[in-house]
Amino acid sequence: MIPVSNPSAQYRNYKREIQSAIDRVLASGSYILATEVNQFELEFSKFLGSNFSVGVASGTDALRLSLTALNIGPGKEVIIPAMTSVATAMAILSVGARPVLSDVSDETSLITAEKAEPKISKNTAAIIPVHLYGQSCNMHSLLELSNFKGLELIEDCAQAHGAQFKGQSVGTIGKVGCFSFYPTKNLSAFGDGGLITTNSESIAEELKMRRQNGFSKPQISEIEGFSSRLDEIQAAILSVKLNYLEKMNKQRNRIASAYTSAFSELPIICPVTPHDGSHVFHQYVIRVQRREEFVRFLHEEHVGTAIHYPLPIHRQPFWKSKGWNQDGFPISDKLSSQIVSLPIDPFLSDKEQNKVIEIVKKFFEEN
């Protein structure tokens, strides 16, 4: 089976450097918030062009801590796209705030200022644009809207390491940027990990306290916090992989271009690169009409697929249990019924990609 993503391929290709980094940490005897985390935070900030980075335990914690640091909690609302991972909504719920959904663009699957503005109420505190599948939202229009309405702009960059909008890295445009290093991400750890970027020194310092039980000094809690730390081993691994991120993103783009060219005459809607933005193709997501048949056919031919995501937020069981509105998001509903993620990985071979293309074409020839 050709997998949709192949995290172990990165280990095999960078094994010597990764193993050396792991051994260095193990020999140091310092495993939590020491040299490796500090170094990776500096390197990641330099890569993106942000002033500060704060490593945390996961991408969801990055959102949760950011909301807390921006004083967003009970009684507040946060606008998010209906088409995103449930983790975005869960982070908001975890601080006692309410997620308010916006439909998305039919062309890009992304939240837009035009879609978000009607959702703003007197209780709205923030907008979280999600750079879904690795493509940048139109950050200038969202920034203009948030500034005009006095709202915080929190970027969910969990799938968009290295993506840009008008030459500026995502994660550096809003008040904070939230990244995940889950093993399938473009920049991935060998377990959970996350990071928050910001250009505000005061926010960075507060985040560092909140990730460590609110400690202002060892064992002295000055503010509310909890344990959410990027560990030394994961930071060391991420530092190695960061050196290759730009190269791997270029390879993802090469693979995506080959797919799009090969599928140009088929009844498939291929992903587009947003105007003024870039795409790092965390996923290569197409849209087809007979998805169940299509997916079954590919699996029988040993080509892996995935669906990101089979249910938009408003169709999730937890959302229904809250008694919140289930309708009013037709584009998200349509997308969730048509989308299919095809194999894309920096180490996907030409032979493997050619097989994927061959099998996709075969389905439409025979059906």
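Since the structure is predicted, the reported quantities are computational estimates derived from the model, not experimental observations.

Q: Looking at this model, I keep getting lost on the pairing of strand β3 (residues 98–102). Mind explaining?
A: Side chains on a regular strand alternate between the two faces of the sheet. Most of β3 is tucked away, with 4 of its 5 residues classed as buried. Inspection of the sheet shows strand β2 (residues 77–81) paired to β3 by 5 bridges, in the parallel sense. Across the sheet, Glu-77 pairs through a bridge with Arg-98, a residue of β3. Crossover handedness for the path β2 to helix α5 (residues 86–94) to β3: right-handed.

Q: Got a minute to help me understand α5 in this structure?
A: In an α-helix, one turn spans 3.6 residues, which is why side chains three or four residues apart end up on the same side. Inspection of α5 places Thr-88, Ala-89, Ala-91 and Ile-92 among the buried residues, and these make up the whole buried set. Projected down its long axis, α5 carries its buried residues within an arc of 155 degrees, all on one side. Structurally, α5 contributes buried residues whose contacts are with α4 (59–69), β2, β3, β5 (152–156) and α12 (317–321). A positive backbone phi angle near 90 degrees is found at Gly-96, which sits one or two residues after α5.

Q: Sorry, what's going on with the layout of surface pockets here?
A: By volume, the largest pocket is sized at about 410 Å³. Lining the largest pocket we find 25 residues, and of these Ser-85, Ala-158, Gln-159, Ser-180 and Lys-185 sit closest to its centre. Broken down by secondary-structure element, the contributors of at least two residues to the lining of the largest pocket are α4, α5 and β8 (176–180). A total of 3 residues in the lining of the largest pocket trace back to one element, the largest contributor, which is α4.

Q: Quick question: what am I supposed to make of the environment of Glu-205 here?
A: Topologically, Glu-205 is positioned in helix α8 (residues 201–210). Exposure remark for Glu-205: the relative accessible area of 39% places this residue in the partly exposed category. Residues Glu-205 and Val-54, spaced 151 residues apart in sequence, show a C-alpha to C-alpha distance of 8.8 Å.

Q: Please clarify how the side chain of Gln-159 should be interpreted in this entry.
A: You can see Gln-159 is positioned in the loop between β5 and β6 (164–165). Within polar-contact distance, the side chain of Gln-159 engages the backbone nitrogen of Tyr-133 at 2.6 Å. At 2.8 Å, the side chain of Gln-159 and the side chain of Tyr-309 are in polar contact. Setting aside residues no more than four positions away along its own chain, Gln-159 makes contact with His-131, Leu-132, Tyr-133, Gly-134, Lys-185, Asn-186, Val-280, His-282 and Tyr-309.

Calculation rules
Residues numbered from 1 in each chain as written. Predicted model: local features only at pLDDT ≥ 70, side-chain atom pairs only at ≥ 80, totals over all residues. Heavy atoms only, no water. Buried < 20%, exposed > 50% of the residue type's maximum accessible area, 1.4 Å probe, protein only. Helix = DSSP H or I, 4+ residues; strand = E, 2+ residues; numbered from the N terminus. Pairing = 2+ DSSP bridges. Right-handed = clockwise from strand over helix to strand, strands pointing away. Arc of directions from axis to C-beta. Contact = heavy atoms within 4.5 Å. 1 Å grid on protein atoms, 1.4 Å probe; cavity = no way out; pocket = protein on both sides within 12 Å on 5 of 7 lines; lining within 4 Å. Points joined across faces, edges and corners; volume = space filled by probe spheres on them. Polar contact = N/O pair within 3.5 Å; in protein donor to acceptor, adjacent residues only side chain to side chain.

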